[in-house]
Amino acid sequence: MRIVLLGAPGAGKGTQAELIVEKYQIPHISTGDILRAAVKQGTPLGRTAESYMSKGELVPDDVVIGIVAERIQEPDCTKGFLLDGFPRTVVQAEALDKVLKEKRQDLDAVLSLEVDEDEVVRRLSSRRVCQGCGKIYTATDSAADEAKCEACGGKVITRADDQPEAIKRRLQVYKEQTEPLVEYYKKAGILKGIPATGTVEDVFGRVTSTLDQIA
Ligand code: AMP
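On a predicted model such as this, the values are computed, not experimentally measured, just so you know.

Analysis parameters
- Residues numbered from 1 in each chain as written.
- Predicted model: local features only at pLDDT ≥ 70, side-chain atom pairs only at ≥ 80, totals over all residues.
- Heavy atoms only, no water.
- Helix = DSSP H or I, 4+ residues; strand = E, 2+ residues; numbered from the N terminus.
- Expected span 1.5 Å × (residues − 1).
- Buried < 20%, exposed > 50% of the residue type's maximum accessible area, 1.4 Å probe, protein only.
- Arc of directions from axis to C-beta.
- Contact = heavy atoms within 4.5 Å.
- Near = heavy atom within 4 Å.
- Polar contact = N/O pair within 3.5 Å; in protein donor to acceptor, adjacent residues only side chain to side chain.
- Areas by Shrake-Rupley, 256 points an atom, 1.4 Å probe, with all protein chains shown as cover.
- Nonpolar A, V, L, I, M, F, W, Y, C, P; charged D, E, K, R; others polar.

Student: Talk me through helix 1 (residues 13-24); I want residue IDs and the actual numbers.
Tutor: Here helix 1 is 12 residues long and its end C-alpha atoms lie 16 Å apart, about the 16 Å a rise of 1.5 Å per residue gives. Burial in helix 1 covers these residues: Lys13, Gln16, Ala17, Ile20, Val21 and Tyr24. Viewed along the axis of helix 1, the buried residues span an arc of 130°, placing them on a single side of the element. Looking at the buried residues of helix 1, the elements they touch are strand 1 (2-7), strand 2 (28-30), strand 3 (81-84), strand 4 (109-114) and helix 9 (200-214). Remark: Gln25 follows helix 1 within two positions and exhibits a positive phi of approximately 55°.

Student: Before we move on, can you summarise the site of the ligand with the specific residues and values?
Tutor: Contacts to the ligand come from 16 residues, most closely from Thr31, Arg36, Glu57, Gly85 and Gln92. Separating a nitrogen atom of the ligand from a backbone N or O atom of Val59 is a distance of 3.0 Å. Within the backbone of Gly85, one N or O atom sits 2.9 Å away from a nitrogen atom of the ligand. In the complex, 95% of the free accessible area of the ligand, which totals 480 Å², lies under the protein chains. Of all the elements, helix 2 (residues 31-41) adds the most residues to the shell around the ligand, at four residues. Residue composition of the shell around the ligand, grouped by class: six nonpolar, four polar and six charged.

Encoded structure:
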(Lines give C-alpha, C1' and ligand atoms only; values in the text may rest on other atoms or scores of the structure.)
Protein backbone atom coordinates (compact mmCIF):
# COMPACT_ATOMS: atom_id res chain seq x y z
CA MET A 1 0.00 0.00 0.00
CA ARG A 2 1.22 3.48 -0.85
CA ILE A 3 -0.15 5.95 1.65
CA VAL A 4 0.28 9.64 2.43
CA LEU A 5 -0.45 10.93 5.91
CA LEU A 6 -1.66 14.51 5.87
CA GLY A 7 -2.50 16.76 8.78
CA ALA A 8 -1.59 19.92 10.66
CA PRO A 9 1.48 19.89 12.89
CA GLY A 10 0.36 18.22 16.09
CA ALA A 11 -2.49 16.28 14.47
CA GLY A 12 -0.76 13.05 15.51
CA LYS A 13 0.88 12.03 12.23
CA GLY A 14 4.04 10.66 13.87
CA THR A 15 2.13 8.62 16.44
CA GLN A 16 -0.31 7.14 13.92
CA ALA A 17 2.52 6.54 11.44
CA GLU A 18 4.36 4.30 13.91
CA LEU A 19 1.24 2.17 14.41
CA ILE A 20 0.40 2.01 10.70
CA VAL A 21 3.85 0.85 9.57
CA GLU A 22 3.91 -1.82 12.24
CA LYS A 23 0.50 -3.22 11.28
CA TYR A 24 0.91 -3.00 7.50
CA GLN A 25 4.66 -3.74 7.43
CA ILE A 26 5.62 -0.89 5.13
CA PRO A 27 8.52 1.56 5.47
CA HIS A 28 7.87 4.83 7.30
CA ILE A 29 9.23 7.80 5.37
CA SER A 30 9.12 10.94 7.49
CA THR A 31 10.81 13.93 5.89
CA GLY A 32 10.85 15.62 9.31
CA ASP A 33 12.76 12.66 10.80
CA ILE A 34 15.17 12.52 7.84
CA LEU A 35 15.87 16.26 8.12
CA ARG A 36 16.28 16.13 11.92
CA ALA A 37 18.77 13.26 11.55
CA ALA A 38 20.74 15.34 9.02
CA VAL A 39 20.72 18.34 11.40
CA LYS A 40 21.96 16.14 14.24
CA GLN A 41 24.77 14.75 12.08
CA GLY A 42 25.71 18.22 10.84
CA THR A 43 25.67 17.19 7.16
CA PRO A 44 25.40 19.86 4.42
CA LEU A 45 21.69 18.96 4.09
CA GLY A 46 21.29 19.39 7.84
CA ARG A 47 22.98 22.79 7.79
CA THR A 48 20.65 23.97 5.02
CA ALA A 49 17.54 22.55 6.71
CA GLU A 50 18.20 23.78 10.24
CA SER A 51 17.74 27.47 9.50
CA TYR A 52 14.28 26.84 8.04
CA MET A 53 13.17 24.23 10.57
CA SER A 54 13.99 26.18 13.73
CA LYS A 55 11.83 29.07 12.49
CA GLY A 56 8.92 26.83 11.52
CA GLU A 57 9.43 27.48 7.80
CA LEU A 58 9.36 24.81 5.11
CA VAL A 59 12.65 23.52 3.73
CA PRO A 60 12.78 24.34 -0.03
CA ASP A 61 10.74 22.03 -2.25
CA ASP A 62 13.66 20.87 -4.42
CA VAL A 63 15.55 19.67 -1.32
CA VAL A 64 12.74 17.52 0.08
CA ILE A 65 11.58 16.32 -3.33
CA GLY A 66 15.10 15.03 -3.99
CA ILE A 67 15.16 13.17 -0.68
CA VAL A 68 11.80 11.47 -1.22
CA ALA A 69 12.34 10.68 -4.91
CA GLU A 70 15.51 8.82 -3.96
CA ARG A 71 14.06 7.12 -0.90
CA ILE A 72 11.05 5.62 -2.69
CA GLN A 73 13.37 3.95 -5.22
CA GLU A 74 14.85 1.81 -2.42
CA PRO A 75 14.01 -1.91 -2.64
CA ASP A 76 12.00 -1.91 0.62
CA CYS A 77 9.48 0.46 -1.03
CA THR A 78 8.40 -2.10 -3.62
CA LYS A 79 5.82 -3.34 -1.07
CA GLY A 80 4.59 0.23 -0.53
CA PHE A 81 5.36 3.03 1.92
CA LEU A 82 3.88 5.52 4.28
CA LEU A 83 4.82 9.14 3.61
CA ASP A 84 4.56 11.23 6.77
CA GLY A 85 5.02 15.00 6.41
CA PHE A 86 5.45 14.85 2.65
CA PRO A 87 4.06 16.30 0.43
CA ARG A 88 3.53 19.64 2.16
CA THR A 89 3.03 21.84 -0.91
CA VAL A 90 1.22 21.43 -4.22
CA VAL A 91 4.62 21.52 -5.98
CA GLN A 92 5.73 18.55 -3.86
CA ALA A 93 2.48 16.68 -4.57
CA GLU A 94 2.92 17.18 -8.30
CA ALA A 95 6.53 16.02 -8.11
CA LEU A 96 5.42 12.89 -6.23
CA ASP A 97 2.75 12.16 -8.85
CA LYS A 98 5.41 12.47 -11.54
CA VAL A 99 7.88 10.11 -9.83
CA LEU A 100 5.12 7.54 -9.22
CA LYS A 101 3.85 7.83 -12.78
CA GLU A 102 7.34 7.05 -14.08
CA LYS A 103 7.23 3.89 -11.95
CA ARG A 104 3.66 3.17 -13.17
CA GLN A 105 2.42 3.41 -9.61
CA ASP A 106 -0.37 5.28 -7.85
CA LEU A 107 -1.09 6.36 -4.32
CA ASP A 108 -3.73 4.15 -2.70
CA ALA A 109 -4.90 6.65 -0.11
CA VAL A 110 -4.24 10.01 1.47
CA LEU A 111 -5.28 9.96 5.12
CA SER A 112 -6.09 13.44 6.33
CA LEU A 113 -5.98 13.68 10.14
CA GLU A 114 -8.56 16.30 11.09
CA VAL A 115 -8.24 18.22 14.34
CA ASP A 116 -9.17 21.79 15.28
CA GLU A 117 -6.58 24.51 15.79
CA ASP A 118 -6.97 24.98 19.56
CA GLU A 119 -6.30 21.29 20.10
CA VAL A 120 -3.25 21.41 17.84
CA VAL A 121 -1.74 24.35 19.76
CA ARG A 122 -2.38 22.58 23.05
CA ARG A 123 -0.73 19.37 21.80
CA LEU A 124 2.33 21.08 20.31
CA SER A 125 2.93 23.22 23.40
CA SER A 126 3.01 20.12 25.58
CA ARG A 127 4.99 17.92 23.18
CA ARG A 128 8.42 16.75 24.35
CA VAL A 129 10.74 14.49 22.45
CA CYS A 130 13.74 12.31 23.26
CA GLN A 131 16.90 13.71 21.69
CA GLY A 132 18.27 10.19 21.47
CA CYS A 133 15.57 8.02 19.88
CA GLY A 134 12.78 10.46 18.99
CA LYS A 135 10.19 8.95 21.35
CA ILE A 136 7.34 11.42 21.86
CA TYR A 137 6.07 12.44 25.31
CA THR A 138 3.53 14.97 26.55
CA ALA A 139 4.49 17.43 29.28
CA THR A 140 1.86 15.83 31.51
CA ASP A 141 3.55 12.42 31.31
CA SER A 142 5.42 11.71 34.52
CA ALA A 143 8.67 11.24 32.59
CA ALA A 144 8.26 14.19 30.27
CA ASP A 145 9.97 17.41 31.28
CA GLU A 146 13.77 17.49 31.30
CA ALA A 147 13.59 13.83 32.15
CA LYS A 148 15.43 10.79 30.86
CA CYS A 149 13.79 8.82 28.08
CA GLU A 150 12.29 5.60 29.41
CA ALA A 151 13.21 3.82 26.16
CA CYS A 152 16.86 4.82 25.63
CA GLY A 153 17.91 7.01 28.56
CA GLY A 154 18.34 10.03 26.25
CA LYS A 155 17.45 13.58 27.23
CA VAL A 156 13.79 14.58 26.78
CA ILE A 157 13.54 18.10 25.34
CA THR A 158 11.15 20.58 23.66
CA ARG A 159 11.82 20.71 19.92
CA ALA A 160 13.04 24.13 18.74
CA ASP A 161 10.07 24.26 16.38
CA ASP A 162 7.65 23.55 19.24
CA GLN A 163 8.53 26.91 20.86
CA PRO A 164 5.50 29.30 20.80
CA GLU A 165 6.69 31.58 17.95
CA ALA A 166 7.63 28.63 15.74
CA ILE A 167 4.31 26.89 16.48
CA LYS A 168 2.43 29.98 15.31
CA ARG A 169 4.47 30.14 12.12
CA ARG A 170 4.12 26.40 11.40
CA LEU A 171 0.34 26.62 11.66
CA GLN A 172 0.30 29.62 9.32
CA VAL A 173 2.55 27.78 6.85
CA TYR A 174 0.29 24.72 7.11
CA LYS A 175 -2.81 26.76 6.27
CA GLU A 176 -1.21 28.58 3.38
CA GLN A 177 0.85 25.84 1.79
CA THR A 178 -0.29 22.40 2.95
CA GLU A 179 -4.06 22.68 3.43
CA PRO A 180 -4.59 23.14 -0.35
CA LEU A 181 -3.50 19.50 -0.65
CA VAL A 182 -6.80 18.42 0.90
CA GLU A 183 -8.57 19.78 -2.19
CA TYR A 184 -5.83 18.42 -4.48
CA TYR A 185 -6.30 14.85 -3.25
CA LYS A 186 -10.08 15.19 -2.95
CA LYS A 187 -10.11 15.95 -6.68
CA ALA A 188 -7.92 12.91 -7.27
CA GLY A 189 -10.56 10.84 -5.42
CA ILE A 190 -8.17 9.36 -2.85
CA LEU A 191 -8.64 11.63 0.17
CA LYS A 192 -9.87 9.90 3.34
CA GLY A 193 -10.76 12.27 6.18
CA ILE A 194 -10.00 10.81 9.62
CA PRO A 195 -11.33 12.65 12.70
CA ALA A 196 -8.19 12.77 14.87
CA THR A 197 -9.72 13.45 18.28
CA GLY A 198 -10.10 10.94 21.09
CA THR A 199 -7.42 8.50 22.19
CA VAL A 200 -4.56 7.26 20.00
CA GLU A 201 -6.41 3.92 19.83
CA ASP A 202 -9.67 5.59 18.74
CA VAL A 203 -7.88 7.34 15.88
CA PHE A 204 -5.97 4.22 14.89
CA GLY A 205 -9.25 2.28 14.80
CA ARG A 206 -10.60 4.78 12.24
CA VAL A 207 -7.35 4.57 10.26
CA THR A 208 -7.37 0.77 10.08
CA SER A 209 -11.03 0.51 9.12
CA THR A 210 -10.35 2.97 6.29
CA LEU A 211 -7.19 1.16 5.13
CA ASP A 212 -8.77 -2.28 5.43
CA GLN A 213 -11.53 -1.19 3.05
CA ILE A 214 -8.89 -0.19 0.50
CA ALA A 215 -6.64 -3.23 0.84
P1 AMP B 1 7.62 17.48 10.93
O2 AMP B 1 8.38 16.63 11.87
O3 AMP B 1 6.97 16.71 9.82
O4 AMP B 1 6.64 18.42 11.64
O5 AMP B 1 8.68 18.44 10.20
C6 AMP B 1 9.48 19.34 10.93
C7 AMP B 1 10.02 20.43 10.01
O8 AMP B 1 10.81 19.84 8.96
C9 AMP B 1 8.98 21.25 9.28
O10 AMP B 1 8.45 22.31 10.07
C11 AMP B 1 9.78 21.75 8.08
O12 AMP B 1 10.66 22.79 8.46
C13 AMP B 1 10.63 20.54 7.75
N14 AMP B 1 9.94 19.64 6.80
C15 AMP B 1 9.51 18.37 7.02
N16 AMP B 1 8.92 17.87 5.93
C17 AMP B 1 8.95 18.85 4.99
C18 AMP B 1 8.47 18.95 3.66
N19 AMP B 1 7.81 17.93 3.07
N20 AMP B 1 8.69 20.12 3.01
C21 AMP B 1 9.36 21.14 3.57
N22 AMP B 1 9.81 21.12 4.82
C23 AMP B 1 9.62 19.99 5.54
